[in-house]
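# What the coordinates show
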Amino acid sequence: MNIESKLIETVIEAVHDIYDQAPDAKTIQIQKTRKDFEGDFTLVVFPLLRMSKKSPEQTATELGDYLQQNVKEINSYNVIKGFLNLTIDKSFWLDFINSVGNNNSYGFIEADENSRTMMIEYSSPNTNKPLHLGHIRNNLLGYSVAQILKSQGNNVVKVNLVNDRGIHICKSMLAWQKWGDDVTPEKANKKGDHLVGGFYVKFDQEYKKEIKELVDKGSTEDDAKKNAPLILEAQEMLRKWEAKDSEVIALWEKMNSWVLNGFDVTYKELGVDFDKVYFESETYKLGKSLVEEGLEKGVFFKKEDGSVWIDLKDEGLDQKLLLRSDGTSVYMTQDLGTARQRFTDYNANELIYVVGNEQNYHFQVLKIVLSKLGYSWADYLHHLSYGMVELPEGKMKSREGTVVDADDLIEGMVSTAEEMSQELGKLDNYSAEEKKEIVKTIGLGALKYFILKVDPKKTMTFDPKESIDFNGNTGPFIQYTYARIQSLIRKAAEKDIEIPTQVSDQVEVSAKELQLIKFLHTYPEILNEAAKNFSPAIIANYVYDLVKEYNQFYHDHPIFSETDRDKLLFRLFLSIQVSKVINSGMHLLGINVPDRM
RNA sequence: GGUCUCGUAGCUCAGUUGGAUAGAGCAACAGCCUUCUAAGCUGUGGGUCCCAGGUUCGAAUCCUGGCGGGAUCACCA
């Protein structure tokens, strides 16, 4: 049993013994004592006043006496207003830090037969254009949340859903057919996703020209959009695709494979992966059959033109399209099918969708539609909605060319890391190979940390200039601290100092060091909270705070200048425990830590 | 207009189930490299926690209303 629950239990006993009352465990608030006060844990006594019927100070004192007598770990206590501050004995903290020293997976929980299976979908790219900054946030979040859930004893299945069909795919296919001149990624010496993305842009440009021409001839804007020859051709192509026209399918397969090969490169760079990849081209038909099912059950209705809808006015929403009048499927159609397919494949307890908040409405509808169809697992769907990534100059707009391409961004981060290392002369003694590796770790660490430290649900500003500032609350700062501790270990080996596997309870411990130990003590709670909230940001900020605490300690107490052997060993030992937690926390964020930098 | 969401220092962000005097970093200024990596550390200045009510012993946090930004309400995905 951990110390906090022990304290809570004893407080309940105390209230029972002293005031003859039975308090609800929820009213007992044990929290960490704030830095500026003396003590380790604080009991807030205000909620208990109605039971004691005494002043806050008197109540706190009586409870303090009781606790001190009945909990052996408590050394002393003090009362300030309604706060009872308890000081825990040093030996408790030393026992604790020794237990961390013997534990290679501190804070982690093993999966067992009672584990829940959680499926997490992330990335979900369209095969008509390359990944951009928004996808980076998505991928990093998805991967990290999966890691975090795993660390807390869940079985996790990471899935990707490739949006490989639809009108948007036909647009780039059509543009390639018309203006592609049989170009391939090899011929153009370009990543496949970038090549295809170019044709998507080309389509849009030509389409706009056509619209303008029609408008100039007197057509309305709306009519022009609907009747431009290019869009009609694209629609025709989609119908052919759904009818399995061999020529269209062949082109589709060719171009999709180019794009997917390109994505694989980017995923590898980012360090993300999947256990299973779903393709909408494989699930949309199941979606269509679910629509049929809904029509039979009377959940959906058909309009005169043949399109299928659901009326959600009773839910406070609108009418929603499920199938086009020409019988082709839309986004919602295929998502219905995909969801069903997943619960057939894996018997998941929870299905988490990592998708931007611009789709909040979509997921609200998806959930309602599935439960109206009678699927009880609709309750297991959870939309992990994240905010947009903006640039300092404003929003990203593909039309205005202000989209930050994922590959360009990664490359930029790495080359900036290289320039900075060069300038500081940090990597002068390393081989080109080693340099490349370290610089990549730092560049990606900077990017990943910058994005993950922000609360997922918030819109965030990504400032490329600020992100390459390697000072402050950044990934490289944390990596640097880790690297320095590794350097300590090497130094100890040089000096033939054997690092202890545990420390004696005779050692003198400073207030600062005690604070560091208490900080490490909260790590399991932090992980638990991060898992509950699907929030890597909680871990990121914790690790940063830990590193900051450690750096202060490190500067005040140069370890090898310590003459007392026990103290020296203790500090070395403590440093290693800190570096273990840094490594573990960063690992959950998907960030590597270098041994030297 | 309806729904959702965000609003904390000049800027980027933390702030635990409501707890004590609201915190970091960047930027500015002033210091610290014969001692384990100065990509660091120390110090100074910087706040109407958007506004107004309400609940509470106690509100940045919860509720209501307003103001401001964003998203969404497509036969796009």
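Residues numbered from 1 in each chain as written. Chains lettered and ligands numbered in written order. Predicted model: local features only at pLDDT ≥ 70, side-chain atom pairs only at ≥ 80, totals over all residues. Heavy atoms only, no water.

### Side note on the pairing of strand S6 (residues 155–162)
Along S6, seven of the eight residues are buried, which leaves the element largely enclosed by surrounding structure. Taken together, the five bridges between strand S5 (residues 117–121) and S6 define a ladder with parallel strand orientation. Looking across to S6, one finds that Ile120 is bridged to Lys158. For the crossover that starts at S5, traverses helix H5 (residues 133–151) and ends in the parallel S6, the hand is right-handed. Of the strand pairs in this sheet, S6 and strand S7 (residues 276–279) are connected by four bridges, and their pairing is parallel. In the strand pairing of S7, Leu161 is matched with Tyr278. (Buried < 20%, exposed > 50% of the residue type's maximum accessible area, 1.4 Å probe, protein only. Helix = DSSP H or I, 4+ residues; strand = E, 2+ residues; numbered from the N terminus. Pairing = 2+ DSSP bridges. Right-handed = clockwise from strand over helix to strand, strands pointing away.)

### Concerning the pairing of strand S12 (residues 381–386)
Among the six residues that make up S12, five are buried, leaving the element largely enclosed by the rest of the structure. In the sheet, strand S11 (residues 350–356) pairs with S12 via six bridges, with the strands oriented parallel. Bridge assignment links Tyr353 to a residue of S12, and that residue is His383. This β-α-β element, S11 to helix H14 (residues 360–372) to S12, shows right-handed connectivity.

### Here's the deal with the sheet that holds strand S3 (residues 74–80)
Spatially, S1-S2-S4-S3 is the arrangement adopted by the four strands of the open sheet, whose pairing is antiparallel. Bordering the open sheet on either side are strand S1 (29–32) and S3, each of which pairs with just one other strand. Pairs of neighbouring strands in the sheet enclose a mean axial angle of 25°, with direction left out of account. Sheet contacts for helix H3 (residues 56–70): strand S2 (41–44), S3 and strand S4 (83–88); angle to S3, the most-contacted strand, approximately 180°. (Axes fitted to C-alpha atoms, helices over the stretch in contact; angles between N-to-C directions. Contact = heavy atoms within 4.5 Å.)

### Observations regarding the pattern of salt bridges
Throughout the structure, instances matching the rule amount to 28 salt bridges. A salt bridge links Glu73 to Lys6, with the nearest nitrogen and oxygen atoms 3.3 Å apart. Taken together, the residues Glu73 in the loop between H3 and S3 and Lys6 in helix H1 (residues 3–19) connect sequence positions 67 residues apart. When its relative accessible area of 13% is taken as the criterion, Glu73 is described as buried. Salt-bridge contacts for Glu562 lead to Arg571; the nearest nitrogen and oxygen are separated by 2.8 Å. (Salt bridge = Lys/Arg side-chain N within 4 Å of Asp/Glu carboxyl O.)

### Here we look at the side chain of Thr283
One can find Thr283 in helix H12 (residues 280–297). Beyond its immediate sequence surroundings of up to four residues, Thr283 is in contact with Tyr278, Gln334, Gly337, Thr338 and Gln341.

### Here's the deal with the protein's contact with RNA strand B
Near RNA strand B lie 69 residues; those nearest to it are Asp305, Lys426, Asn471, Tyr480 and Ser487. Each atom of RNA strand B within 4 Å of the protein belongs either to a base or to sugar and phosphate, the latter forming 62%. Asn473 has a polar backbone atom sitting 3.4 Å from a sugar or linking oxygen of RNA strand B. The separation between a base nitrogen of RNA strand B and a polar main-chain atom of Tyr554 is 2.9 Å. Looking at the surface near RNA strand B, its residues break down into 27 nonpolar, 24 polar and 18 charged. (Near = heavy atom within 4 Å. Polar contact = N/O pair within 3.5 Å; in protein donor to acceptor, adjacent residues only side chain to side chain. Nonpolar A, V, L, I, M, F, W, Y, C, P; charged D, E, K, R; others polar.)

What is shown is where atoms sit, not what they do.
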